[in-house]
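Below are the chains, spelled out letter by letter.
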Amino acid sequence: MRALVWHGKQDIRCDNVPDPRIEQPRDAIIKVTSCAICGSDLHLYDNFMPGMKNGDIMGHETMGIVEEVGPDCRGLKKGDRVVIPFTIICGDCDQCKRGNFSVCERSNRNKDMADKVFGHTTAGLFGYTHLTGGYPGGQAEYLRVPFADKTHIKVPQSLTDEQVLFLSDIFPTGWQAAVQCDIQPEDTVAIWGCGPVGQMAIRSAILLGARQVIAIDCVPERLSMAAAGGATTINFETESTVERLNELTKGKGPEKCIDCVGLEAHATATLDSIYDRAKQAVMLETDRPHVLREMMYVCRPAGVLSIPGVYGGLVDKIPFGMAMNKGLTFRMGQTHVNRWSDDLLRRIEQGQIDPSFVITHRIGLEQGPEMYKTFRDKLDSCIKVVIRP
Amino acid sequence: MRRADRTLGVARGLGWFSIGLGVVELLAPRALARGLGLRGQEGLIAGYGAREIATGIGILASRDPTPWIWGRVAGDALDLGTLATGLGRRRGGAGVALAAVAGVTLLDVLCARALSSRRERQPVRSFADRRGMPKTPGQMRGAASDFEVPKDFRIPEALRPWTSAA
Ligand SMILES: NC(=O)c1ccc[n+]([C@@H]2O[C@H](COP(=O)([O-])OP(=O)(O)OC[C@H]3O[C@@H](n4cnc5c(N)ncnc54)[C@H](O)[C@@H]3O)[C@@H](O)[C@H]2O)c1
Ligand SMILES: [Zn+2]
Ligand SMILES: [Zn+2]
């Protein structure tokens, strides 16, 4: 089959690889009908995430039709139409039972490695680093789904691929980001980053009733989409984020701050950004935490920082004393997709939201490698790419 | 490699070059002044060094290095003017340096022009029609208030002074 394969930094190719087979009794193989490129894939593309290997298949936002099931894969049969969450879940460990699916204790087949690096393992993820199992991803014609009896979301025929595909990741991610804020009707929610995750977070915050949503980015077309979703926008290249946020909150700062940017924050004209760039260049630091620092600074005391943006390793010069004295709450993590997916599917069915609004590009697998670049560099007004293999 | 990448690559190269040259100017202005026949201008040379470093950092750290590269072009003009004053002196490599700076200036101008045209080539689309919700955001605000935030995602009462005080 054809698949998008990682060969090294900024080197992704459309290769011919062996078809996946059933390996474990709870596996299923699905024929991929749609998949997407995610901002998290960009961290792998730019080689900021440790633990990738030459030959890894990319992709963790996938849906399709069940082609074959293992003997113990109950509740799923050939022909079922499913969206596959990016987090692989066993469904019966302590964490899964609590709904903390992204830290499932059993689905990471490289548990030993993760135990060493993270202290305790987290869930297995598709198309991601070997620290999270190194499972082949779904930017391919077929995908093997481990623990498939639990790792799926069944979707009705009445909805199109594009309407439900993002249940795999970015919609629940934006939603969880907003839920982590425990939004109150008086709240101002400030959201850094208007990529696909930021766009979903904006709409989630509105649906959950935030009085004011403010979105920060520097890409005009992304800001225009943020405004369409109900956000007041700040372009950090032409205005001061901190000043504007204080202005919009009568000098008190937003109660809730969401980081939808992650470790590749663009350097802004501030000193700390330049410091991070320089340290990252000489490998003294792996992540650029500019957004984190800004959120800690501008957030209202006793406020909440919600961090769906991905970090990979070490950050430096985090003003922890400031955060401590302000009594800030931090909530973060990979998304517990299946915890929210049924409820969100219902909201899509009821028409509260149609997540396909974010799609700007539709391509075949062959154009994948080129499209990674287009998406990363935000060329051609690219916001979200859907691939039909 | 695509043209846009190559241009950005050249810009980054110029950024590092700026920093390198700046460090030398800042740390060894006296030796440079002697070599270029610019004795007495040590302060000026060190100042130029600081300018080079600032420009270099600007190029490397900004998302769009275009204005910084144009800044280099302006700096080159200053350098050329200053070097020219050293031309008449007996001892000094001002002539060689002039030729070198002229070469770099050409590269700066080409790079800056390529970057500027890159910017113009990209039309910005507006997504003002991509609401994603059936009604206006104002009308949709709170539409999901049937959602109950799970206990383990709630913010402790004590940390909600601005709501519970009201
Ligand atoms: N927690 C999860 O489970 C989960 C799931 C999906 C994605 N993510 C992460 O969420 C983040 C965003 O994903 P995406 O798909 O939207 O990616 P993206 O790269 O398209 O979006 C990032 C946006 O942030 C903007 N940005 C960069 N620097 C900024 C700054 N200093 N201030 C404000 N905005 C800035 C960029 O212009 C861009 O529009 C990534 O880190 C991704 O890995 C996390
Ligand atoms: Zn993702
Ligand atoms: Zn589990």
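Cut-offs applied
- Residues numbered from 1 in each chain as written.
- Chains lettered and ligands numbered in written order.
- Predicted model: local features only at pLDDT ≥ 70, side-chain atom pairs only at ≥ 80, totals over all residues.
- Heavy atoms only, no water.
- Contact = heavy atoms within 4.5 Å.
- Buried area = accessible area lost by both parts, 1.4 Å probe.
- Salt bridge = Lys/Arg side-chain N within 4 Å of Asp/Glu carboxyl O.
- Polar contact = N/O pair within 3.5 Å; in protein donor to acceptor, adjacent residues only side chain to side chain.
- Helix = DSSP H or I, 4+ residues; strand = E, 2+ residues; numbered from the N terminus.
- Core = buried A, V, L, I, M, F, W, Y, C linked by side-chain atoms within 4.5 Å.
- Buried < 20%, exposed > 50% of the residue type's maximum accessible area, 1.4 Å probe, protein only.
- Domains from an automatic or database assignment.

S.K.: Got a sec to walk through the interface of chain A and chain B? Specific residues and values, please.
M.R.: You'll often see interface size given as the accessible area lost when the parts meet. Counting from both sides, the interface comprises 62 residues of chain A and, opposite them, 39 residues of chain B. When chain A packs against chain B, close to 4,100 Å² is buried across both sides, 56% of that on carbon and sulfur atoms. When the area that chain A buries against chain B is broken down by residue, the three leading residues are A:D182, A:L207 and A:A228, summing to 12%. Seen at the junction of chain A and chain B, the total is three salt bridges. At the boundary of chain A and chain B, one finds 19 residue pairs in polar contact (both at pLDDT 80 or more). Mapped by element, the contributors of at least two residues to the side of chain A that touches chain B are α5 (170–179), α6 (196–207), α7 (220–228), α9 (271–281), β16 (329–332), α12 (337–349) and α13 (368–376) of chain A.

S.K.: Break down the nonpolar core for me, citing the residues and quoting the values.
M.R.: All names here are of chain A. Counting residues in hydrophobic clusters, the biggest one holds 103 residues, and the most contacted among them are F166 and L167. In terms of residue count, α6 provides more of this core than any other element does, seven residues in total. In this structure, this core is formed jointly by two domains, domain 1 (2–169 + 335–387) and domain 2 (171–332), each of which donates at least three residues. Counting 18 residues, the second-largest nonpolar core is a separate cluster that includes W192, I216, C299 and A323.

S.K.: Hey, could you go over the domain arrangement of chain A for me, with residue numbers and the actual values?
M.R.: Residue and element names in this part refer to chain A. Examined at the domain level, chain A breaks down into domain 1 (2–169 + 335–387) and domain 2 (171–332). With centres defined by C-alpha atoms, the gap from domain 1 to domain 2 works out at 25 Å. Each partner contributes residues to the interface: domain 1 has 30 residues there, and domain 2 has 24 residues. When domain 1 packs against domain 2, close to 2,500 Å² is buried across both sides, 70% of that on carbon and sulfur atoms. Summed over the shared surface of domain 1 and domain 2, the result is zero salt bridges. Run the count over domain 1 and domain 2 and you get eight residue pairs in polar contact (both at pLDDT 80 or more).

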